[in-house]
Structure formats: C-alpha cells, structure tokens
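Chain by chain, the residues run as shown.
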Amino acid sequence: MIRNLMIVAFCWSLLAGAQTAYPLTIRHDAGETTIAKKPERVVALGEELLELLIPLGVKPVGYGSSRIQAARLGEVVSGLTYYSPSQLGPAIYVGNSMQPSLEPAN
C-alpha cells in the first residue's frame, strides 16, 4: 500500500512537467520519501502501476507480475492483452511482483 502511494505521488509529480526540481521530497501518510535525481529507468511491479505510467508516457524497462505464467526472467514481456507492445516498450520480465529479481538485465 505504501509503495503504491509513493508511486502515485511520484507519477503525480511527473504531471507537473519537466521543471520538477530534484531532489524531490514527497510527503505521504507514512512520512516522506526523497528522490535524489530524476529517474532514468522505471520498473513497474504490477498492472495497476502500468495503468498509471503508460498514460504519462513512461515506458518501463522492466515489468513484474504474478499473473504472467509463460514469461521467463530476462525476456521481453509480450502477449499482454491490455497493452500493445508500442505502449509498453521493450520491458524485461523481472518476475513475480512481490519478489522481483534484483539482478540487472544484460
């Protein structure tokens, strides 16, 4: 829940435009989180987060989900019925959203 709130707050900050100053501190119900610099790579851990990122034009480099059965770690995610490859970009499957692989992709 807290992770989702932080992601929503971060996505909301992206709507403010390119003039966002970093470090960026986001206050939320669990306290505050500081993002030191503008993120260069984003991993979406679940379908709900994709629904927030894609309309903002953010194409994640990684995607984690417990709903994908046939995907293999490190492979490009394909076959999602709710997002086209052009919307998702070349996101790499990082595993179950509750226990994603933290190994960097080659």
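Everything below is about the structure printed above this text.
Fair warning: this is a prediction, and the values are worked out from it, not measured in the lab. (Residues numbered from 1 in each chain as written. Predicted model: local features only at pLDDT ≥ 70, side-chain atom pairs only at ≥ 80, totals over all residues. Heavy atoms only, no water.)

Peer 1: What is the right way to read the overall build of the protein chain from this model?
Peer 2: Within the protein chain one finds three helices and five strands. The burial tally for the protein chain puts 33% of its 106 residues in the buried class. Restricting to contacts in the protein chain with at least 6 residues of sequence separation, those with at least 24 account for 44%. Carbon and sulfur atoms form 56% of the exposed surface of the protein chain, whose accessible area is close to 7300 Å². (Helix = DSSP H or I, 4+ residues; strand = E, 2+ residues; numbered from the N terminus. Buried < 20%, exposed > 50% of the residue type's maximum accessible area, 1.4 Å probe, protein only. Contact = heavy atoms within 4.5 Å. Areas by Shrake-Rupley, 256 points an atom, 1.4 Å probe, with all protein chains shown as cover.)

Peer 1: Sorry if this is basic, but what is going on with the nonpolar core here?
Peer 2: A general tendency of soluble globular proteins is for nonpolar side chains to be buried together. Ranked by internal contacts, the top residues of the largest apolar core, which has 13 residues, are Ala 44, Leu 50, Leu 53, Tyr 63, Ile 68, Val 77 and Leu 88. Here the element with the most residues in this core is helix α2 (residues 47-53); it accounts for three residues. (Core = buried A, V, L, I, M, F, W, Y, C linked by side-chain atoms within 4.5 Å.)

Peer 1: In this structure, what is going on with the pairing of strand β1 (residues 24-28)? I would like to understand it.
Peer 2: The two faces of the sheet receive side chains in turn, since in a regular strand these alternate between them. Along β1, the buried face is formed by Leu 24, Ile 26 and His 28; none of Thr 25 and Arg 27, which line the opposite face, is buried. As defined by bridge partners, β1 adjoins strand β2 (residues 31-35) across five bridges and the pair is classed as antiparallel. What sits directly across from Leu 24, in β2, is Ile 35. Connecting the antiparallel pair β1 and β2 is a turn made up of two residues. (Pairing = 2+ DSSP bridges.)

Peer 1: Explain the sheet that holds strand β5 (residues 92-95) to me, please; I cannot follow it from the model alone.
Peer 2: The strands that make up a sheet pair up through hydrogen bonds in the backbone, lying either parallel or antiparallel. The strand order β3-β4-β5 describes an open sheet built from three strands, whose pairing is parallel. Each of the sheet's edge strands pairs with one partner strand only, and the pair in question is β3 (43-45) and β5. On average, adjacent strands in this sheet sit at an angle of 25° to one another, irrespective of strand direction. Summarising the sheet, strand β4 (residues 62-64) and β5 pair through three bridges and their orientation is parallel. The residue of β5 that forms the bridge with Gly 62 is Ile 92. (Axes fitted to C-alpha atoms, helices over the stretch in contact; angles between N-to-C directions.)

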